[in-house]
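Here is what each chain is made of, one letter per residue.
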Amino acid sequence: MKLEALQSMKQSDTMKTIDSCSVGQIKGFYETSFLDWFGKISSVFFLSGCNLRCPYCHNHGLVLKPHSFPTIPQQMIESRLQEFVGWIDGIVISGGEPCLYSQLPDLIKFFRKLSFLVKLDTNGTKPDMLASLLDDGLIDYVAMDVKAPLDDIRYSRCVGIPVSVSHIKRSLAILAQSEIGYELRMTVCPTLIKEKDIKDLAIQLEGVQKFVLQAFNPKNTLDPDLRSVSPYDNDQMMEFKKILEEYVGECRVMA
Ligand code: SF4
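Residues numbered from 1 in each chain as written. Predicted model: local features only at pLDDT ≥ 70, side-chain atom pairs only at ≥ 80, totals over all residues.

### Focus on the overall build of the chain
Applicable threshold: The way it works is that DSSP assigns letters per residue, a run of H or I at least four long becomes a helix, a run of E at least two long becomes a strand, and they are numbered from the N terminus. Every radius of gyration here is taken over C-alpha atoms, with the globule rule written as 2.2 Å times N^0.38, N being the number of residues. Put plainly, a residue is buried at 20 or more neighbouring C-beta atoms within 10 Å of its own, exposed at 12 or fewer, and partly exposed in between, counting only other residues' C-beta atoms, which are placed from the backbone. Residues are defined as contacting one another if the C-beta atoms placed from their backbone atoms lie within 7 Å.
Helix and strand content of the chain: 10 helices and 8 strands. Computed over the C-alpha atoms, the radius of gyration of the chain is 18 Å, within 12% of the 18 Å expected from 2.2 N^0.38 for a compact globule of 255 residues. Put simply, the chain has 255 residues, and 38% of those count as buried. Expressed as a percentage of contacts within the chain between residues at least 6 apart in sequence, the contacts between residues at least 24 apart total 73%.

### Quick word on helix H9 (residues 195-204)
The following threshold applies: Here the arc refers to the directions that run from the helix axis out to each C-beta atom.
Within the sequence span of H9, burial applies to Ile198, Leu201 and Ala202. Across the axial projection of H9, the buried residues extend over an arc of 105°, all falling on one side. Of the residues in H9, the exposed ones pointing more than 90 degrees away from the buried face are Lys196 and Ile203. Where H9 is buried, its residues meet helix H10 (234-245).

### Description of the site of the ligand
Our working definition: By definition, a residue lies near a molecule or strand when the C-beta atom built from its backbone is within 6 Å of it. Under this grouping Gly is polar, as are all residues other than the nonpolar Ala, Val, Leu, Ile, Met, Phe, Trp, Tyr, Cys and Pro and the charged Asp, Glu, Lys and Arg.
For the ligand, the full set of nearby residues is Cys50, Leu52, Arg53, Cys54, Cys57, Asn59, Val63, Gly95, Gly96, Glu97, Asn123 and Asp145. In terms of residue class, the shell around the ligand is built from 5 nonpolar, 4 polar and 3 charged.

### Observations regarding the sheet that holds strand S1 (residues 26-33)
The criterion, for reference: When DSSP finds at least two bridges between two strands, those strands are taken to pair. A fitted line through C-alpha atoms serves as each axis, taken over the contacting stretch for helices, and the angle formed by two N-to-C directions is quoted from 0 to 180°.
Across the sheet, which stays open at both edges, the 8 strands sit in the order S1-S2-S3-S4-S5-S6-S7-S8 with mixed pairing between neighbours. The sheet is open, and its two borders are formed by S1 and strand S8 (250-254), each paired with just one other strand. Between one strand axis and the next, the sheet turns by 20° as a mean value, whatever way the strands run. Here strand S5 (residues 141-145) pairs with strand S6 (residues 181-188) via 5 bridges, running parallel. In the sheet register, Ala143 faces S6, and the bridge partner there is Glu183.

### A word on the environment of Glu179
Mapped onto the fold, Glu179 is located in the loop between helix H8 (166-177) and S6. Residues Glu179 and Leu134, 45 residues apart in the sequence, show an inter-C-alpha distance of 8.8 Å.

### Focus: unusual backbone geometry
Omega for the bond connecting Gly95 with Gly96 falls within 30 degrees of zero, at 10°, which places this linkage in the cis form. Note on placement: Gly96 falls in the loop between strand S3 (90-94) and helix H5 (104-113). In this structure, Asn220 takes a positive phi of about 55° despite not being glycine. Assignment of secondary structure puts Asn220 in the loop between strand S7 (210-215) and H10. What makes Asn220 partly exposed here is the crowd of 13 C-beta atoms within 10 Å.

### So, helix H6 (residues 127-135)
Every buried residue of H6 is accounted for by Pro127, Met129, Leu130 and Leu133. Seen along its axis, H6 keeps its buried residues to an arc of 160°; they face one direction. Turned more than 90 degrees from where H6 packs its buried face, Asp128 and Asp135 sit exposed. Check the buried side of H6 and you find it contacts H5, strand S4 (117-122) and H8.

In short, shape yes, function no, at least from these values alone.
In structure tokens, the structure reads:
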């Protein structure tokens, strides 16, 4: 079943779902994706709610109005996923910010019971949850957002609310010490991130193995003012990549 179909479920189904769902607020489901876990075929689940307000966010429906999306019943997910055993490699848990949910470990155990690998997408603001998932061997791969150079002023500007980068730094340290694979990724919005920011961040992240530069997409951004901003062109993105590659192991550019 496609995301659109799931989202058009009747209100009565939605209410039943909320009562019976023990694994958190799953609001969206892509059955198969070749893009969300590089080199793997995955199903992608979206959990609602986020503690940040990035002006370029495209998932702001999930962030600002989570109750306008029906929650997908665990039973439906289970029966659908059973058909995917042997076809997809793993599950991507995305958001919103999945680490806000205390039931996240239960959700992951549910996926693992079906024999899937699990990738977590996170904004890095919940290092305790991240550490606990890693300690318990529940996740196989992490993609963590890095929104800006690691200082409170620039970071706060890029996430739309005042934040301290101490939690982000802790998450980075936890990932650096872990034995699983991980990548850092950054959306490069021209009004928020300039070449100097890329250089400063590259120096701060020296030694990181994988970094993904994500091109800014002006379509349907949380901040309407960004909808008329043109993304950096390919030459500029390649210039940023070159700067990062002086400090990190591998840098990929994604359109
Ligand atoms: S971290 Fe930012 S981009 Fe990601 S869901 Fe939250 S507000 Fe949107």
